[in-house]
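Single-letter residue listing:
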Amino acid sequence: GAGVSQTPSNKVTEKGKYVELRCDPISGHTALYWYRQSLGQGPEFLIYFQGTGAADDSGLPNDRFFAVRPEGSVSTLKIQRTERGDSAVYLCASSITRNTEAFFGQGTRLTVV
Amino acid sequence: AQTVTQSQPEMSVQEAETVTLSCTYDTSESDYYLFWYKQPPSRQMILVIRQEAYKQQNATENRFSVNFQKAAKSFSLKISDSQLGDAAMYFCAYRLQGRGSNYKLTFGKGTLLTVNP
């Protein structure tokens, strides 16, 4: 695609529910990143994929968070048993390789009520 | 660990005037990149300008320029001839160069820029 696409744009869910956030990177980009941006803060790194594998998941806050990229393209961030503190904008970015310019999507605003 | 600090939560400027946004960072590394990103209400992070730490010359991109002071670990953004479309959140960011975590961006908390007509 022309840019990084994230769906849904907004998601409201009830506390305790499971959610999936999708990221479709720029075609040909092997590196993919997820960041979380809480209100009034800058984005914080969650996870980095090189191809299909999670090369660095050190930013995932706990085991309720999991991400996959099974075919090396689209990625899904999965959050189990959502909590109100999970409310944030989740940004996805991709780059040709790991140390080149990252292009961001428009994010998914997750609200847990 | 690297940290990025933006001490100005909000700034305002008159249209056509010049404004400078401040950023300081802390790192023990010598090779890295510094960035300024713009985030409008659409939420998409847009790269404004990039500086390689090994380059002494300050980067410029049209109306945007930086003042990079490596010894002081300071990286400010100057916007000249401000336009209404410049209004947005601006984030300063750091990324290591070379081996290691050279893919991970570390962001500051941002500065909200308002442009007054």
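The coordinates are above.
Residues numbered from 1 in each chain as written. Chains lettered and ligands numbered in written order. Predicted model: local features only at pLDDT ≥ 70, side-chain atom pairs only at ≥ 80, totals over all residues. Heavy atoms only, no water.

Draft legend 1. Inspection of the overall build of chain A at higher detail. Each helix and strand in chain A was counted, giving zero helices and eleven strands. Across chain A, helices and strands are ordered from the amino to the carboxyl terminus as β-β-β-β-β-β-β-β-β-β-β. Taken over the C-alpha trace, chain A has a radius of gyration of 13 Å; the compact-globule value for 113 residues is 13 Å, and the two agree within 12%. The C-alpha extent of chain A, read off along each of the three principal axes, is 35 × 25 × 25 Å. Burial status across chain A gives 44% buried among its 113 residues. Between the centroid of the 12 positive side chains of chain A and the centroid of its 11 negative side chains there is a distance of 5 Å. (Helix = DSSP H or I, 4+ residues; strand = E, 2+ residues; numbered from the N terminus. Rg over C-alpha atoms; globule rule 2.2 N^0.38 Å. Buried < 20%, exposed > 50% of the residue type's maximum accessible area, 1.4 Å probe, protein only. Lys, Arg positive; Asp, Glu negative; His and termini not counted. Charge placed at Lys NZ, Arg CZ, Asp CG, Glu CD.)

Draft legend 2. Here's a closer look at the environment of Gln69(B). By the element assignment, Gln69(B) lies in strand 8 (residues 64-69). Filtering out sequence-adjacent residues up to four positions away, Gln69(B) remains in contact with Tyr25(B) and Ser74(B). (Contact = heavy atoms within 4.5 Å.)

Draft legend 3. Geometry of the environment of Asp63(A). As for its position among the elements, Asp63(A) is in the loop between strand 6 (53-56) and strand 7 (65-68). Beyond its immediate chain neighbours, meaning those up to four positions away, Asp63(A) contacts Gln80(A) and Arg81(A).

Draft legend 4. Molecular detail of the interface of chain B and chain A. Taken together, the 17 residues of chain B in the interface contact 26 residues of chain A. Between chain B and chain A, the buried area comes to about 1,900 Å², and carbon and sulfur atoms account for 47% of it. Together, Arg43(B), Tyr103(B) and Phe107(B) form the three largest contributors to the area buried by chain B at its contact with chain A, with a combined 37%. The shortest N-O distance in the salt bridge between Lys104(B) and Asp56(A) comes to 3.7 Å. (Buried area = accessible area lost by both parts, 1.4 Å probe. Salt bridge = Lys/Arg side-chain N within 4 Å of Asp/Glu carboxyl O.)

Draft legend 5. Representation of unusual backbone geometry. In this structure, the amide linkage connecting Thr7(A) to the following residue, Pro8(A), adopts the cis form with an omega of -10 degrees. The residue Pro8(A) is located in the loop between strand 1 (5-7) and strand 2 (10-13) in this model. Of note, the phi angle at Arg81(A) is positive, near 45 degrees, even though the residue is not glycine. Residue placement: Arg81(A) occurs in the loop between strand 8 (75-79) and strand 9 (88-95). Phi at Ala16(B) takes a positive value of approximately 80 degrees, unusual for a residue other than glycine. Within the fold, Ala16(B) resides in the loop between strand 2 (10-14) and strand 3 (19-21). For Ala16(B), a relative accessible area of 46% corresponds to the partly exposed category.

Draft legend 6. Here's a closer look at the packing of aromatic side chains. Inspection of every chain in the model, using the stated rule, returns 16 aromatic pairs over all chains. Where Tyr48(A) meets Tyr103(B), the ring centres are 4.1 Å apart and the plane angle is 20 degrees; that geometry is what we call stacked. With Tyr48(A) in strand 5 (residues 44-50) and Tyr103(B) in the loop between strand 10 (88-96) and strand 11 (106-107), the pair connects residues from two separate chains. Grouping residues by exposure puts Tyr48(A) and Tyr103(B) together as buried. The structure contains a cluster of three or more aromatic residues connected by ring pairs, namely Tyr33(A), Tyr35(A), Phe45(A), Tyr48(A), Phe104(A), Tyr33(B), Phe35(B), Tyr37(B), Phe91(B), Tyr103(B) and Phe107(B). (Phe/Tyr/Trp six-rings, centres within 6.5 Å; stacked < 30°, edge-to-face > 60°.)

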